[in-house]
Amino acid sequence: MALPLSTSPWKNFGVFKYILYGPLVAKAISTSSTTSWCLHILIISAIRIEIHQLWFMFSNMHFLTRRRRIIKQGVDFKQIDREWDWDDFILFQALLAFMAYYTFPSLVDLPLWDLKGCLFALLLHMVVSEPLYYCMHRLLHTDHLFKHYHSLHHSSPVPQPFTAASATPLEHLMLFVVIGIPILGATFVGSGSVALIYGYVSVFDFMRCMGHSNVEVLPHALFEALPFLRYLIYTPTYHSLHHTEEDSNFCLFMPLYDALGKTLNKKTWELHMQITKVGDERIPDFVFLVHVVDVISSIHSPFAFRSYASMPYTPRLILLPAWPLACLIMLLMWAYSKPFLISFYYLRSKLIQTWIVPRHGFQYFLPFASEGINKQIEQAILRADKMGVKVLSLAALNKNESLNGGGTLFTKDHPDLRVRVVHGNTLTAAVILNEIPKEVKEVFLTGATSKLGRAIALYLCRRKVRVLMLTMSAERLQKIKMEAPPECQQYLVQVTKYQAAQNCKTWIVGKWITPREQSWAPPGTHFHQFVVPPIFGFRRDCTYGKLAAMRLPEDVQGLGSCEYTLERGVVHACHAGGLVHFLEGLYTPRSGCDRRGPDRSSLGSGA
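Sequence order sets the numbering: in each chain, residues are counted from 1 along the sequence as written. Residue-level local features of this predicted model are given only where pLDDT is at least 70; pairs of side-chain atoms are given and counted only at 80 or more, and the full residue set underlies all totals for whole chains, interfaces and linings. Where side-chain values are given, they derive from all heavy atoms of the structure, hydrogens and water being excluded.

- Under an unreviewed UniProt entry, the name given to the protein chain is aldehyde oxygenase (deformylating), and the source organism is Acorus calamus.
- UniProt positions are given in the numbering used here, feature names are shortened, and annotations may be inferred rather than shown by experiment. Under the UniProt heading Catalytic activity (unreviewed entry), the entry covering the protein chain gives this text: "a long-chain fatty aldehyde + 2 NADPH + O2 + H(+) = a long-chain alkane + formate + 2 NADP(+) + H2O".
- Quoted verbatim from the Sequence similarities (unreviewed entry) field of UniProt, the annotation for the protein chain is "Belongs to the sterol desaturase family."

Here's what the structure looks like:
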């Protein structure tokens, strides 16, 4: 049986927990005055959510923070799920504030601003709240209380802004008391104000999020110039040491009390200097180079909404208000941006990173944009080569045949590349072919003359499967036919209309098709696909396969985001194909040709 205040009372409510804001909303609506404290509580709750969200976004923009990350490992799905209901504390403390509003009538009519009250609250924070929190925090680290209460907060291996909010109701009650002392103290002496409440609560959350951000933001030169500051304000490095070495650095925001209590970690300032001055960055072993699919899916990025990114992508109406901002960001990236790091994980101690070309899917089909996109891809390849990356795999439209010949454009222009540039097409084709039942005797193939379509067609014709290849170019089809054995060429058939497949129940989609074009498929058709974005599955009498993909090994570490529409731990076949190349290079001796330059066969065979 759980101990009192060890679990949230609305733990199993899901999204219905927000109904508990109902009394506050009703009271705010029924009160005509804009000074209604129920309205203030709701606004403060929204501000607190936004502070945590903005700190999360900043700390997980790895292209900005990678050199100043304190704990290098990534945040995995287990930690994300454990911290899923991080905003429970805001609801809990809002309800407590609602009760305080009725308990202390002096909170009703406060002036907007009172400087004297702000100074008095600061004094109370330093001499009462800080030592009180320090004592309570040390108490929480005793065996019984730690096991039943505080262990939840320390169960997250990588501190995050949401980790600051991940705790038991007992701890949130204690924090409510710590926050309340300066506010009530200033109010009781007649110097309280609305600005004090808004400002103190916001600064309190800001400092808590900063300490849990896992990114060092305070320069060491500041403490060298003003040594006394190291006892007045903590740093993210300071608090991260508390999470890795739990017997030290217990303070709220002021290390002074750790110094007085002799619990100040001796490595604190040395580690802080090392992170801020050296800023070491590990070179990735493998890079997967992706691009944005569309405007709304850009919100699925790991540093935007963590819970959303940790699930397979699906369009949601609740995100539509963010569409204008996403559009603006798209235009800014189009005007001025370069490829950047978006996520990472570790596979058998090897660092795997995902970089993104800041271009959206529709831009790849604009003729005037092709040159700029290729420059972006080339820039990423040259950067990876300079850094010492072993393998870089091109994803989806970055390896478009008409754009850059599946990547051969870059290896021809830069014959001395040391990084192996691959596209994983063979593994993608193998995954699709593996899904096709052996009894199938006829398939309909769109995107038939692409590199992937060609590979699929040539394999199927050898199996004596009739391939209806949708293409307007008889010349390109003839070239593919000439690659097939003479006795198999008859199985490659050119078609120019979708109507030709109205009796074929196996469609392999390599080029996006509209619902109208899908309507020509007979009932019971299964759509295999290797097109990005995937087609809309609007036919209820048909089935739709997912994009070609493979599951990562169980020992993957720090993986906390889903790759587009795929399930957790599953990556696109072109990603997996690049990993195969990388792992093959680790365990297979490289030839003299490999040492002098990239493996050219990788661009021909993919995986």
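Observations regarding the sheet that holds strand β9 (residues 506-509)
Step number 1: Strands were regarded as paired on the criterion that DSSP finds at least two bridges between them. Helix numbers and strand numbers start at the N terminus; a helix is a DSSP run of H or I with at least 4 residues, a strand a run of E with at least 2. Spatially, the six strands line up as an open sheet ordered β8-β7-β6-β9-β10-β11, and their pairing is parallel. Each end of this open sheet is capped by a strand with a single partner; those strands are β8 (492-495) and β11 (543-544).
Step number 2: As judged from the four bridges shared by strand β6 (residues 442-445) and strand β7 (residues 466-470), these two strands associate in the parallel manner. For phenylalanine 444, the partnering residue across the bridge sits in β7 and is leucine 468.
Step number 3: Those strands touched by helix α20 (residues 451-462) are β6, β7, β8 and β9, and its axis lies near 155 degrees from that of β7.
Step number 4: Sheet strands touched by helix α21 (residues 474-483): β7 and β8. Its angle to β8, the strand with the most contacts, is close to 170 degrees. By definition in these notes, contact holds between two residues if any of their heavy atoms fall within 4.5 Å. Here an axis means a line fitted to C-alpha atoms, over the contact stretch when the element is a helix, while the angle between two N-to-C directions is reported on a 0 to 180 degree scale.

Some words on the environment of arginine 208
Step number 1: Along the chain, arginine 208 falls in helix α9 (residues 194-211).
Step number 2: Here the alpha-carbon distance between arginine 208 and phenylalanine 253, two residues 45 residues apart in the chain, equals 8.0 Å.
Step number 3: When residues no more than four places from it in sequence are discounted, the contact partners of arginine 208 are Tyr133, Ala164, Leu175, Tyr234, Leu252 and Phe253.

Section: the pairing of strand β3 (residues 350-360)
Step number 1: Most of β3 sits inside the fold, with ten of its eleven residues counted as buried.
Step number 2: Examined bridge by bridge, strand β1 (residues 286-292) and β3 share seven bridges and lie parallel to one another. Looking across to β3, one finds that phenylalanine 288 is bridged to threonine 354.
Step number 3: When strand β2 (residues 340-347) meets β3, the two strands line up antiparallel, connected through seven bridges. Along β3, the bridge assignment pairs leucine 347 with lysine 350.
Step number 4: In this structure, the hairpin formed by β2 and β3 is closed by a connection of two residues, where arginine 348 is found at a positive phi of approximately 55 degrees. Exposure classes here rest on a 1.4 Å probe applied to the protein chains alone. A residue is buried below 20% of its type maximum, exposed above 50%, and partly exposed in between.

A word on the packing of helix α1 (residues 22-30) against helix α2 (residues 37-59)
Step number 1: Across the interface, α1 lies against α2 with an axial gap of 7 Å and an inter-helix angle of 130 degrees. By the angle between their axes, α1 is oblique relative to α2. For α1 against α2, the interelement crossing comes out left-handed. Here Leu24, Val25, Lys27 and Ala28 of α1 come into contact with α2, specifically with Cys38, Leu39, Ile41 and Leu42.
Step number 2: Note on residue classes: Ala, Val, Leu, Ile, Met, Phe, Trp, Tyr, Cys and Pro are nonpolar, Asp, Glu, Lys and Arg are charged, and everything else, Gly too, is polar. Among the residues forming the contact of α1 with α2, the class breakdown is seven nonpolar, no polar and one charged. For this classification, under 35 degrees means roughly parallel, over 145 means roughly antiparallel, 65 to 115 means roughly perpendicular, and everything else is oblique. Handedness of a helix crossing follows the sense of rotation of the near helix relative to the far helix, less than a right angle counterclockwise being left-handed and clockwise being right-handed.

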